[in-house]
Amino acid sequence: MNKDDINIRLDGLNILEKVLLPSTYQEGQEFIFDIKSQLLPTPKVDIVATVVSVSIRKANEEKIIARIICEFGFEIKESKSILEKDVDGKMIIPVDMENFIKTISISTMRGIMYSEFRGTPIHNATLPIIIMDSMKPIPGNVLGVENAPPIVE
């Protein structure tokens, strides 16, 4: 599947969690980002949801100082011709489409983080550009939902 063949639009977004813990910050502080992304099933055939979780730590520290989790809904035009169902009736999302949706979600998260953390001590914690090929599947899921597909970190 070619990404040019995908007719998709952002249908909505929700901030599910936003946490900023007290901490001391220095000018030029470096941050580490733990990013997780996961596609979730929706009741609508033409809507695909993804959840992105970003935890922020100071460089060389293990303690999380901030976290934000957002859910994004995408409407896929002509989804019946693109998406197939498996034997259990669950939608099969092509890998190219999944990576495209996750890339858009993470990029959108960058702007949300800029807006939500503006005026706080971590306003300079800018999410880096993420290449989906550099992410790896890990067990579990972003929201703790049973039987959800694996998250990508």
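It should be emphasised that the depicted structure is a prediction, and the values quoted were computed from it without experimental measurement.

Peer 1: Sorry, what's going on with the nonpolar core here?
Peer 2: Nonpolar side chains in soluble globular proteins tend to be buried together. Among the nonpolar cores identified, the biggest contains 26 residues, and Phe 33, Val 54, Ile 56, Met 109 and Met 113 are the most heavily contacted of them. Looking at this core, the elements with two or more residues in it are β2 (31-40), β3 (47-58), β4 (64-76) and α2 (95-117). Dropping the residues within four chain positions of it, Ile 56 is found in contact with Phe 31, Ile 32, Phe 33, Lys 63, Ile 64, Ile 65, Ala 66, Met 113, Phe 117, Ile 122 and Ala 125.

Peer 1: Would you explain the pairing of β3 in this entry?
Peer 2: Successive residues of a regular strand alternate their side chains across the two faces of the sheet. In terms of burial, β3 is largely enclosed, as 12 of its 12 residues are buried. Burial along β3 is two-sided: Ile 47, Ala 49, Val 51, Ser 53, Ser 55 and Arg 57 facing one way and Val 48, Thr 50, Val 52, Val 54, Ile 56 and Lys 58 facing the other are all buried. Here β2 runs beside β3; their pairing, made up of 10 bridges, is antiparallel. Paired with Phe 31 across the bridge in β3 is Lys 58. Bridge count between β3 and β4: 11 bridges; the pairing is antiparallel. When the sheet's bridge partners are listed, Val 52 is paired in β4 with Cys 70. The hairpin turn running from β3 into β4, its antiparallel successor, is 5 residues long, and Asn 60 in that turn takes a positive phi close to 70°.

Peer 1: How do you make sense of the environment of Glu 75 when you look at a structure like this?
Peer 2: Here Glu 75 lies in strand β4. Discounting residues that sit within four places of it in the chain, Glu 75 has contacts with Asn 7, Ile 8, Arg 9, Asp 11, Asp 46 and Ile 47. A polar atom in the side chain of Glu 75 sits 2.7 Å from the side chain of Arg 9.

Peer 1: I'm lost on the pattern of salt bridges in this one. Help?
Peer 2: If the charged atoms of two oppositely charged side chains come close together, the side chains can form a pair. Counted under the stated rule, the structure contains 7 salt bridges. Here Arg 9 and Glu 75 are joined by a salt bridge, their closest N and O atoms 2.7 Å apart. With Arg 9 in strand β1 (residues 8-20) and Glu 75 in strand β4, this residue pair connects regions lying 66 residues apart in the sequence. Accessibility expressed as a relative area gives 40% for Arg 9, which makes it partly exposed. Among the residues examined, Glu 75 registers a relative accessible area of 14% and is labelled buried. Residue Lys 102 pairs with Glu 98 through a salt bridge whose shortest N-O separation is 2.7 Å. Separated by 4 residues within a single helix, Lys 102 and Glu 98 lie in helix α2, roughly one turn from each other. Of the residues examined, Lys 102 reaches a relative accessible area of 1% and is grouped as buried.

Peer 1: What's the story with α2 in this structure? I'm lost.
Peer 2: Over its 23 residues, α2 runs 32 Å from end to end, which matches the ideal 33 Å to within 8%, given 1.5 Å per residue. For α2, the full list of buried residues reads Met 97, Ile 101, Lys 102, Ser 105, Ile 106, Met 109, Arg 110, Ile 112, Met 113 and Phe 117. Immediately beyond the C-terminal end of α2, within one or two residues, lies Gly 119, with a positive phi of roughly 85°.

Peer 1: When you look at the side chain of Arg 110 in this model, what are you seeing that I'm missing?
Peer 2: Inspection of the secondary structure assignment puts Arg 110 in helix α2. Looking at Arg 110, the relative accessible area reads 18%, which means it is buried. Separated by 2.8 Å, the side chain of Arg 110 and the backbone oxygen of Pro 128 make a polar contact. Those residues in contact with Arg 110 that sit more than four places away from it in its chain are Leu 127, Pro 128, Ile 129 and Ile 130.

Criteria and thresholds
Residues numbered from 1 in each chain as written. Predicted model: local features only at pLDDT ≥ 70, side-chain atom pairs only at ≥ 80, totals over all residues. Heavy atoms only, no water. Core = buried A, V, L, I, M, F, W, Y, C linked by side-chain atoms within 4.5 Å. Buried < 20%, exposed > 50% of the residue type's maximum accessible area, 1.4 Å probe, protein only. Helix = DSSP H or I, 4+ residues; strand = E, 2+ residues; numbered from the N terminus. Contact = heavy atoms within 4.5 Å. Pairing = 2+ DSSP bridges. Polar contact = N/O pair within 3.5 Å; in protein donor to acceptor, adjacent residues only side chain to side chain. Salt bridge = Lys/Arg side-chain N within 4 Å of Asp/Glu carboxyl O. Expected span 1.5 Å × (residues − 1).

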